[in-house]
Every structure is written in C-alpha cells, then in structure tokens.
Amino acid sequence: MRITIATPAPSGSLVGNRVTALRWSRILRGLGHRVRVTTGYDGRPCDVMIALHARKSAAAIARFRKLRPGSGLIVALVGTDLYVDLKRRDPRALRSIDAADRLVTLQPLAVRQLPERLRAKVRTIFQSVAPVPVRPAGRAKESFVVAVVGHLRTVKDPFRAALAARALPASSRIAIAHAGAALTPAMTRRARAEMKRNPRYHWLGALPPSRALALLGFADAFVLSSRSEGGANALAEAIVAGVPVLASRIDGSIGLLGRGYPGYFTPGDTAALTRLLLRVETDGAFRLKLRRAVSARAKLFAESRERN
C-alpha cells in the first residue's frame, strides 16, 4: 500500500511524535509498503494516512478526508490530545477523531478519555524500544545517578526531580542527570539557575538518541514526573533497560508500568518524590522489587509486538 504518515513535528525534530513517525515508517516499509512522512497532506494519492496528533494534524486530516473519502484514515492520539484537547472539547480534535476509521493509543488507559461511542475504533500499540546498553555489573561509581529524560516543557514538570533532590540529606550520593532540550528561553534560564543553586542537578541539554539511551543504561534509577503523557518513549526505554522507575501516578505511566507498580508518587508531590529517591538509593530490596517489576513489563515493548 501507499501510506502517508502526517506528523506536526518537522524533519530533524527530536520530539516524540517525530520519533514515532519515523519508527512506524521503518516498520511499515519492512512490511512491504511505500511510506512517506510529511507535516501535512499535499493531496498526493495514497491508500492510507496515519495522522499523529488529532488537533495539530486537523487540517491534514480534513483535507485527506475530503480529497480521498474512500481511503483509510488512522489517527494516533498523543498526550496533548487525550489530556488537554479532548478534555477541553477542542472542536478540531473532536472532528479528527470522528473522521478516523481507527484510533491508535500508546497505552490502554487512554481509552478512558474518549467518548463511549468511539471506543470500538481504538487499538493500543505499545511503542517498541531497541535494546538499551546497560552498565556492566559491579562497576563502581561515585554518584547514584538518577536520569530524567524529557524536553523541558511545563506538562513534563521537568524540575520536580531537581526540587526533590534539594531536600536529600548530605549523606546521599544522588545526582540528577537531565537530558532534554529547553524549548523556550525561560526554561533555559531556569535550568541554568537550578544548576547554580543545586549541586545535585546536572542539565545535559538535548542529546542524540544514542547518548540518551546510554544515559539510561548507566543510570541507577529513572524519574518520570510528567503531569500527563500519552505513552512516553523514555519510560518504555527505561523499562527495557531494567532501570528502577519512579513515576508520577498518571494514566500514561500506569498504562505502561501496571496498576500495582510500587514506585509511584502523586504528580507535583516533591516531598513524596524525595522519600522515594532516598529509598531507592538506600534500600536494596526496594531497588530489586522495582527492577523485577519493570522487567516483567519489558516484553510489551518488543518490535515484533509493535509490528504485529
């Protein structure tokens, strides 16, 4: 088939929508299809369009449906769609999901954000993760490295781990290593100010995917503090790497880690995260419990499963 994947993220972008579009295009080409990745719909013939982001791709979706009414339309829903636009009943997002033949979510709890009448159209596809290089066992480190991987956006609550680390006792060896681009000058200023004030916090800026994966493999723990997520790539990568995860208790985390996962904290609760950081550093049995829990979920992110 001829497939167009429309994403609002331009070529060269490192945001999740672009990462997903490129991975799906590679998988679909491997299945024998002809695939184009675009930032809109230019009217060229295709059998199927996959649009990432119901609101931001709304113009492409509307044009495709008008010009190619007999072709298949799949809309993949991201965190902003599910937890902002649909909650606000944004008319562009609502028109997009109504127009779709199928809706794709990246974790199963996302379906709860959709009207009952549309839930039969939903398919969940867990995003696959390549094997993550893991630090050799027994290699000593001066610090207990806690990785944060995510761009500096308000919805990510990006400085929660840094704020939690401020309250750790002087005996703690925890160092927060934060990889992610600052998408506004204000975020750049805040990250630099936090580093000056907080010796435990190290902002690494935007890293190429291979270096971000290497950071996860090297880390002793991983924090995802987002206020909402559609299904975070970095969380899936941490799970596959077997890294103990401390995550905000949101649908996007629970959908990937499971309801009974023992490493959740309330979104925005700095004190709770401080307690978890100290526990994961000092309590070997708790670390092992978290490792076993993430390892039990790793099979969800195999490429063979995503391909199927």
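Model, not experiment: these values are computed from the prediction. (Residues numbered from 1 in each chain as written. Predicted model: local features only at pLDDT ≥ 70, side-chain atom pairs only at ≥ 80, totals over all residues. Heavy atoms only, no water.)

Novice: Please explain the nonpolar core as it appears in this structure.
Specialist: A general feature of soluble globular proteins is that nonpolar side chains tend to end up buried together. Membership of the largest hydrophobic core comes to 62 residues, with the highest contact counts inside it found for Phe-222, Leu-235, Val-245, Leu-257 and Leu-277. Not counting the four nearest positions on each side in its chain, Phe-222 is found in contact with Ala-147, Val-149, Leu-216, Ala-234, Leu-235, Ala-238, Val-243, Pro-244, Val-245 and Leu-246. Ranked by size, the runner-up nonpolar core spans 24 residues in total, among them Ala-6, Ala-60, Leu-94 and Leu-114. (Core = buried A, V, L, I, M, F, W, Y, C linked by side-chain atoms within 4.5 Å. Buried < 20%, exposed > 50% of the residue type's maximum accessible area, 1.4 Å probe, protein only. Contact = heavy atoms within 4.5 Å.)

Novice: Looking at this structure, I do not really get the pattern of salt bridges. What am I missing?
Specialist: One side chain can pair with another of opposite charge once the charged atoms of both are near each other. Taken as a whole and assessed by the stated rule, the structure comprises 15 salt bridges. Its salt-bridge partner being Asp-90, residue Arg-92 comes within 2.9 Å of it at the nearest N-O pair. Note on Asp-90: relative accessible area 12%, which makes it buried. Here Glu-229 ties to Lys-156 by a salt bridge, and the two come within 2.7 Å at their closest N and O atoms. Separated by 73 residues along the polypeptide, Glu-229 in the loop between strand 10 (221-224) and helix 8 (233-241) and Lys-156 in the loop between strand 7 (144-149) and helix 5 (160-166) bring together distant segments of the chain. (Salt bridge = Lys/Arg side-chain N within 4 Å of Asp/Glu carboxyl O. Helix = DSSP H or I, 4+ residues; strand = E, 2+ residues; numbered from the N terminus.)

Novice: Which parts of the structure should I look at to understand unusual backbone geometry?
Specialist: Negative phi is the rule for most residues except glycine; trans is the rule for most peptide bonds. Phi at Arg-89 takes a positive value of approximately 55 degrees, unusual for a residue other than glycine. Tracing the sequence through the fold places Arg-89 in the loop between helix 3 (79-85) and helix 4 (91-99). Non-glycine residue Asp-157 carries a positive phi angle of around 45 degrees. Its place among the elements puts Asp-157 in the loop between strand 7 and helix 5. With a relative accessible area of 9%, Asp-157 lands in the buried category.

Novice: Can you help me understand the sheet that holds strand 11 (residues 245-248) in this one?
Specialist: The strands making up a sheet associate through hydrogen bonds between their backbones, and the pairing can be parallel or antiparallel. A sheet is described by the order of its strands in space; here six strands give the open sequence 9-8-7-10-11-12, paired in parallel fashion. Of all strands in the sheet, those bounded by a partner on one side alone are strand 9 (201-205) and strand 12 (264-265). Here strand 10 pairs with strand 11 via three bridges, running parallel. Looking across to strand 11, one finds that Leu-224 is bridged to Ala-247. (Pairing = 2+ DSSP bridges.)

Novice: How should the sheet that holds strand 5 (residues 102-105) be read in this particular structure?
Specialist: Taken in spatial order, the six strands make up an open sheet running 2-1-3-4-5-6, and their pairing is parallel. Single-partner strands in this sheet number two, and they are strand 2 (34-38) and strand 6 (122-124). Geometrically, the sheet is characterised by an average inter-axis angle of 20 degrees between neighbouring strands, direction not taken into account. Taken together, the five bridges between strand 1 (residues 2-6) and strand 2 define a ladder with parallel strand orientation. Among the inter-strand pairings, Arg-2 is bridged to a residue of strand 2, identified as Arg-34. (Axes fitted to C-alpha atoms, helices over the stretch in contact; angles between N-to-C directions.)

Novice: Just checking my understanding: could you explain the packing of helix 10 (residues 270-282) against helix 11 (residues 284-295) for this structure?
Specialist: Packed helices, taken two at a time, are described by the angle between their axes plus the distance between the axes. Two numbers describe how helix 10 lies on helix 11: the axes approach to 5 Å, and their chain directions differ by 100 degrees. It follows that helix 10 is roughly perpendicular to helix 11 by the angle criterion. Contacts between helix 10 and helix 11 pair Leu-276, Arg-279, Val-280, Glu-281 and Thr-282 from the former with Gly-284, Phe-286, Arg-287 and Leu-290 from the latter. Residues belonging to the contact of helix 10 with helix 11 are distributed by class as follows: four nonpolar, two polar and three charged. (Parallel < 35°, antiparallel > 145°, perpendicular 65-115°, else oblique. Nonpolar A, V, L, I, M, F, W, Y, C, P; charged D, E, K, R; others polar.)

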